Amino acid sequence: MSQKFSWSFSGGAPSGAGVNNSGSAEIDAITSAAVTLVKAMPADRDLALQIDDVEKLAFFIMTSSLNDGSVDVKADGATRTKLTGPLILYGEAIALFAGDLQTLSLRNSSATDAAEITILMGFKLD
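The numbering scheme is per chain: residues are counted from 1 as the chain's sequence reads. Thresholds applied to this predicted model are a pLDDT of at least 70 for local features of residues and 80 or more for the giving and counting of side-chain atom pairs; totals over whole chains, interfaces and linings are not thresholded and use all residues. Excluding hydrogens and water, the side-chain figures rest on all heavy atoms present in the structure.

1. Digging into the side chain of S110
Then step 1. The helix count covers DSSP runs of H or I at least four residues long, the strand count covers runs of E at least two residues long, and both are numbered beginning at the N terminus. Mapped onto the elements, S110 comes out in the loop between β9 (101–108) and β10 (115–123).
Then step 2. A relative accessible area of 9% places S110 in the buried class.
Then step 3. At 3.3 Å, the side chain of S110 forms a polar contact with the backbone nitrogen of T112.
Then step 4. When checking whether two residues touch, look at their non-hydrogen atoms; a contact exists if any pair is within 4.5 Å. The residues touching S110, leaving out its near neighbours within four places in the chain, are K39, A40, L66 and S70. A 1.4 Å probe rolled over the protein chains alone gives each residue an accessible area, and that area as a share of the maximum for its type sets the label: buried under 20%, exposed over 50%, partly exposed in between. Any pair of N or O atoms that falls within 3.5 Å is considered a polar contact. Within protein, one atom must be able to donate a hydrogen and the other to accept it, and sequence-neighbouring residues count only if both atoms are side-chain atoms.

2. Concerning the pattern of salt bridges
Then step 1. Criterion for a salt bridge: a side-chain nitrogen of Lys or Arg within 4 Å of a carboxyl oxygen of Asp or Glu. Per the counting criterion, the structure on display carries three salt bridges.
Then step 2. Here R80 makes a salt bridge to D44, at a shortest N to O gap of 2.5 Å. Highlighted residues: R80 in the loop between β6 (71–75) and β7 (81–82) and D44 in the loop between β3 (29–37) and β4 (45–51), separated in sequence by 36 residues.
Then step 3. The exposure class assigned to R80 is partly exposed, which follows from its relative accessible area of 27%.
Then step 4. For the salt bridge of R107 with D44, the shortest nitrogen-to-oxygen distance reads 3.0 Å. Placement of the pair is R107 in strand β9 and D44 in the loop between β3 and β4, with a sequence separation of 63 residues.
Then step 5. Among the residues examined, R107 registers a relative accessible area of 28% and is labelled partly exposed.

Distances and angles like these do not, on their own, reveal function.
In structure tokens form, the structure reads like this:
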């Protein structure tokens with residue numbers, strides 16, 4: 001049974017430049033994952049999402065409590081992406097980030113702070 005997922009996004013600068021948009025999508029399932037990355041990680045922490053077909057994802061959102069670039073993520077052999085804000089991918093943009101999401105490799109290079117990572121995904125099963 002599908003359900004409605006509502007989203008909104010806004011951002012702006014004091015100069016008046018900005019963006020504001022909202023909408024909704026019919027999705028069949030929502031799942032989330034969360035992990036804490038200790039400070040000064042010597043190696044990657046692998047997070048097994050076990051998603052081999054990203055075309056079934058309607059959206060993929062990843063947030064980090066640290067947005068200074070000290071946390072980075074790597075999916076399916078792609079180039080590492082430093083998180084300097086939320087990673088919000090919708091529709092076909094997900095495949096530009098990763099061909100599959102079997103495993104995400106996460107790293108926290110902050111010498112002082114742990115990082116809380118949260119992932120939210122919506123699926124279209126048909």
